[in-house]
Amino acid sequence: MSPQLPPVAPAVTAELVAALSPRLRKRLDSGIAKLADRPVVRDGAVVRIAVDDDTDLELHAPDGAVRGADAVRCGCLLAPDCLHRAAAASLAPVAEDTDSAAPQDHSAAEEDAAQAPETATPEQRAAVRAVQLATSAVLEAGTDGAGAVLQAELLRAAHTARLAGLHRAAATAVSVVTALRAARAADPAYHLTDLAAGLYDVLSVAHRLPSASGGELTALRGTARQPYRPDGSLRLYGLFSEPVLTASGYAGAVTWTADAEGRLYQVSDVAPGGAGRAVGAADRTVRIGDTALTHRELARAGLAVSGATVSPTGRLGAGAGVRAVRAPGVGWHEEPVARLWAEPVPDQIARALAGGRDLLFLDVTLTGTAAEAAGDCLLADCAGVPLRLTAAHDDPALPHRDNLRLLSAARGTRLRVVARLTPAPHPRAQLLAAEHPTRADTRLDIGLDRLQGADLPTTATAPSGSVPMPVSVSASASASDEAPIHLLRRRVHQTVSGGRPVLALPGDTRADARHLRRSGLATAAELLTDLHSAAADRAHDVFGRLRPTDPDRFARAWLAAAHYTSELDRTLCLAAWTP
């Protein structure tokens, strides 16, 4: 996916792909690959792709995104019915809905909720069914088979869902398309677990929504915009900043702050862009009130805000009535922010797993490094719990990996850190910020500040400034101590990558099922057997011909297996963090 192309609205991509003839649809994926190698030039709000020496294709994005099919224009002889327009839209990032990030008056949001019906409407049931069918087709094909045509069908279903007021299903379906494109482009930022989680969420919503009512239905519908509620005057203390870099083509920074009661608030600056914008955003002035603080400065200072407006997730609004001035900050060991680290770790984990904030405030002692398939992670002891701290981003423009590598050399160093929980059967989290290993009064934003060898304790510094090699632990060292739920999870993830054909291959799953039963996971064994049975279910008609597959049955079997592993992982995760 080219970061130079402007985001394209889901409905535009769906419309352009649907207009192609069957012959051109078969050539769409190859057309995208060819277009990805062509030169791109930006001229203001217009981006031009040189289709060949004599033909240009233009994407017009006056507000930063392409919002209509007529904004994609090609100069070839077959235009507007050519392959190039659909290929360009499929190559570009998916634009967010124009109303998804707009502030909304809280009273208006309450009025909308009050007027919403208590059960799903026929229009919503039809829309969510379309999302279910499109998602099931993607699951059946896997990432290798889910090309631009299947992606466009899911985008069309997402657009229909949004128009029907099903904003959660629409947003998650779009995120699935973004992850599919990242997977097929071998994007380093792609994670199989993220795509699996997206597919699970879409299918779960589609399964539950038709029979839901009341509060459950409201949650399944989701909201189009985040309602901002007046919150009066706030005294905030900076905690840390983190870069934002998404596969959908957005980048920037978010600075986290806390009030005297320990409630968290964020100031964000996220817009279309790539790694360069994520790196530079920390030195941009925060967009709130009259303050001249940059994100990097706010992370270590404070803020006094009057007329504040706040979203349900704690994001501060930047409306005309908001006033903000710089105020003194405090250290992590000082009140009022020190109370964030005083909360027992199991309580923090329980809140995160229940859907609350996923930030963890931990005191750890560094113990070394562990080699994993995705790259080395930092090992630490957290109140007697062996913890793995991983990189939040793998992009080489951001210093996450380099900082973790250097910190792993400071074995025995005790640090106060901020991390984001990664649900897993063992304690695991992404390292976001930490105290400096040698300067107690300094904080490090792991994704923005770059450590040097000279910053390490003297005993850890290698000759000539090179990075010392810490003691390494195998990633499988504790595998034997874990419940064998990986036998089912592996099949769930294999389905996402290879689709139904991978699970339909001949093979004996009885050994894995027996292992699960011996470990007390009889339900997991049944789900594994049912998943393989659904994948291999190809009945013949009276003439001996194979009947069409039943994507509904296969999707239900996969959803059941994914739900079981998710819930068991949640339980094991909470248990693993308890000393």
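Everything below is about the structure shown above.
Residues numbered from 1 in each chain as written. Predicted model: local features only at pLDDT ≥ 70, side-chain atom pairs only at ≥ 80, totals over all residues. Heavy atoms only, no water.

Student: What's the story with the packing of aromatic side chains in this structure? I'm lost.
Tutor: Note on aromatic pairs: each is described by the distance of the centres and the angle between the planes. Overall, the coordinates contain 3 aromatic pairs when judged by the stated rule. Ring geometry for phenylalanine 240 versus tryptophan 256: centroids 6.2 Å apart, planes at 10°, classification stacked. With a gap of 16 residues between them, phenylalanine 240 in strand E6 (residues 227-245) and tryptophan 256 in strand E7 (residues 250-258) connect regions that are remote in the sequence. Each member of the pair, phenylalanine 240 as well as tryptophan 256, is classed as buried. For the pair tryptophan 341 and phenylalanine 361, a centre-to-centre distance of 5.0 Å together with 75° between the ring planes defines the contact as edge-to-face. Taken together, the residues tryptophan 341 in helix H13 (residues 339-342) and phenylalanine 361 in strand E11 (residues 359-371) connect sequence positions 20 residues apart. The pair formed by tryptophan 341 and phenylalanine 361 is uniform in burial state, with each residue classed as buried. Among the aromatic side chains, those forming a connected cluster through ring pairs are Trp332, Trp341 and Phe361. (Phe/Tyr/Trp six-rings, centres within 6.5 Å; stacked < 30°, edge-to-face > 60°. Helix = DSSP H or I, 4+ residues; strand = E, 2+ residues; numbered from the N terminus. Buried < 20%, exposed > 50% of the residue type's maximum accessible area, 1.4 Å probe, protein only.)

Student: Sorry, what's going on with the packing of helix H3 (residues 28-36) against helix H4 (residues 83-91) here?
Tutor: Between two packed helices, what matters for the description is the angle formed by their axes and the separation of those axes. Remark: H3 packs on H4, axes separated minimally by 9 Å, with the N-to-C direction vectors making an angle of 75°. Considered as vectors, H3 and H4 are oriented roughly perpendicular to each other. Where H3 abuts H4, its residues Leu28, Gly31, Ile32, Leu35 and Ala36 lie against Leu83, His84, Ala86, Ala87, Ala88, Ser90 and Leu91. (Axes fitted to C-alpha atoms, helices over the stretch in contact; angles between N-to-C directions. Parallel < 35°, antiparallel > 145°, perpendicular 65-115°, else oblique. Contact = heavy atoms within 4.5 Å.)

Student: Explain the packing of helix H9 (residues 192-208) against helix H16 (residues 486-498) to me, please; I cannot follow it from the model alone.
Tutor: At a minimum axis distance of 10 Å, the contact between H9 and H16 shows a crossing angle of 90°. The pairing of H9 with H16 is recorded here as roughly perpendicular in orientation. Contact with H9, carried on its side by Leu192, Thr193, Leu195, Ala196 and Leu199, involves His493, Val496 and Ser497 of H16 and no other residues of that element.

Student: In this structure, what is going on with the pattern of salt bridges? I would like to understand it.
Tutor: Oppositely charged side chains may form a pair once their charged atoms are brought near each other. One pass over the full model with this rule turns up 32 salt bridges. Between aspartate 43 and arginine 48 there is a salt bridge whose closest N-O contact spans 3.4 Å. Owing to a relative accessible area of 46%, aspartate 43 belongs among the partly exposed residues under this scheme. Residue classification places arginine 48 among the partly exposed residues on the basis of a relative accessible area of 28%. Across the pair aspartate 269 and arginine 287 runs a salt bridge, and its minimum N-O distance is 3.1 Å. One end of the pair, aspartate 269, is in strand E8 (residues 264-272); the other, arginine 287, is in the loop between helix H11 (275-280) and helix H12 (295-298), and 18 residues separate them in sequence. Taken together, the salt bridges that share partners define one network made up of Asp283, Arg296, Arg300, Asp445 and Asp449. (Salt bridge = Lys/Arg side-chain N within 4 Å of Asp/Glu carboxyl O.)

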